[in-house]
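Chain by chain, the residues:
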Amino acid sequence: MRQAGRYLPEYRELRARKGGFLDLAYDPECAAEVTLQPIRRFGFDGAILFSDILVVPHAIGQDLWFEEGEGPRLAPRLAETDISALIGAPELLQPIYETVRRVSAALPPETTFLGFAGSPWTVATYMVAGRGSRDQAEARRLAYRDPAAFGAIIDMIIRTTVTYLSGQIRAGVEAVQLFDSWAGSLSPAQFDRWVIAPNRRIVDEVRALHPETPIIGFPKGAGGKLAAYAIGTGVDAIGIDETVDPVWAHRSLPPELPVQGNLDPLALIAGGEALDREVDAILAAFAGRPHIFNLGHGILPDTPIAHVERVLERLQG
């Protein structure tokens, strides 16, 4: 979960030299270096591609930039512009594939390499509003008011995402993850329509092209809809966020389905006995199924490196 960057001094040094986030993400040499930094420092079992979910709308034809201290911006906003007006720029994804090739060649053979993309609902919320939002209200309103127009946005995201993930796999990633960061904002019926169904299409199409590549789904905030997501999308593994009780998840999810998660990033900052207790509880809850230990969401910039080391010692000890 945002394994590379932010909390590492070597990342901050490189970012300061390079400048803007997109300049870093679209530079294969620098993006590969950032991807490899945590592997060199900690020896994690898997490396996660350094990129951003918004490269997909950029490739679809929206302008993308980052406002300092405020986050990403996209234009034109699809709350005001039809998706058909955008002119695609698929060449923007080529540097990402080159990053993958560089990392794949440099990783130790025992280290898995994970690629990723944003899921259609989450990506669409940014495309419609032109930025992130607390409640995704503009996208939700459009989905209710004009489901055909919103469906056209989702369809375009699906097509581009399948191409993007397939390109990552051909370049060298060994598994891919679909991030639905805003899945928790939808009602059950809308969740079925805009989360489960689009992710199912991506899973089916990517699996047809790359049947040996595992696909992980992460519907943040799905809560009680997790089992429906797991069954409905057909993912090979499911990520759960820090709000989910791991005991409940183990009991409720399909047997033998691998689970990824779900340490609270704030527990990682707190450290000490509180951190140890959280780690032990998660390990105990998922002892009866395949489990990828991970955070329940992204690592925070003020995370002490010593606390990351403490977790690794506990997991590997």
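Please refer to the structure placed before this passage.
Draft legend 1. Representation of the pairing of strand 6 (residues 215-219) within the structure. Of all five residues that make up strand 6, five are buried, and the element is covered over most of its length. Alternating residues of strand 6 divide into Ile215, Gly217 and Pro219 and Ile216 and Phe218, and every residue in both groups is buried. The pairing of strand 5 (residues 175-180) with strand 6 spans five bridges and is parallel. Across the sheet, Val176 pairs through a bridge with Ile215, a residue of strand 6. Between strand 5 and its parallel partner strand 6, the chain crosses via helix 9 (residues 188-209), and the hand of that crossover is right-handed. In the sheet, strand 6 pairs with strand 7 (residues 237-239) via two bridges, with the strands oriented parallel. Pairing of Ile216 across the sheet is with Ala237, part of strand 7. Considered for its hand, the β-α-β crossover made up of strand 6, helix 10 (residues 226-233) and strand 7 is right-handed.

Draft legend 2. Broad picture of unusual backbone geometry. Cis geometry is found at the peptide bond from Ala75 to Pro76, where omega equals -5°. Within the secondary structure, Pro76 sits in the loop between strand 3 (71-75) and helix 5 (94-106). A positive phi is found at Gln136, a non-glycine position, where the angle reads about 55°. Position of Gln136 among the secondary structure elements: in the loop between helix 6 (120-129) and helix 7 (137-145). Unlike most non-glycine residues, Glu256 shows phi in positive territory, near 75°. Its location among the elements puts Glu256 in the loop between helix 11 (246-252) and strand 8 (259-263).

Draft legend 3. Local environment of the sheet that holds strand 9 (residues 291-295). The seven strands are arranged 1-4-5-6-7-8-9 in an open sheet whose pairing can be described as parallel. The sheet is open, and its two edges are formed by strand 1 (46-48) and strand 9, each paired on a single side. Here the average twist between neighbouring strands, direction ignored, is 25°.

Draft legend 4. Molecular detail of helix 3 (residues 28-42). Compared with the 21 Å implied by 1.5 Å per residue over 15 residues, the 22 Å span of helix 3 between its first and last C-alpha is a close match. The axis of helix 3 is deflected most strongly, by about 30°, at Leu36, and proline Pro38 appears within four residues downstream. For helix 3, the buried fraction is high: 11 of the 15 residues fall into the buried class. Along helix 3, the positions that sit buried rather than exposed are Pro28, Cys30, Ala31, Ala32, Val34, Thr35, Leu36, Gln37, Pro38, Ile39 and Phe42. Turning to helix 3, the residues buried within the fold contact helix 1 (9-18), helix 2 (21-25), strand 1, helix 5, strand 4 (112-118) and helix 14 (305-316).

Reading guide: rules and limits
- Residues numbered from 1 in each chain as written.
- Predicted model: local features only at pLDDT ≥ 70, side-chain atom pairs only at ≥ 80, totals over all residues.
- Heavy atoms only, no water.
- Buried < 20%, exposed > 50% of the residue type's maximum accessible area, 1.4 Å probe, protein only.
- Helix = DSSP H or I, 4+ residues; strand = E, 2+ residues; numbered from the N terminus.
- Pairing = 2+ DSSP bridges.
- Right-handed = clockwise from strand over helix to strand, strands pointing away.
- Axes fitted to C-alpha atoms, helices over the stretch in contact; angles between N-to-C directions.
- Expected span 1.5 Å × (residues − 1).
- Bend = angle between axes of the 7 residues up to and from the residue.
- Contact = heavy atoms within 4.5 Å.

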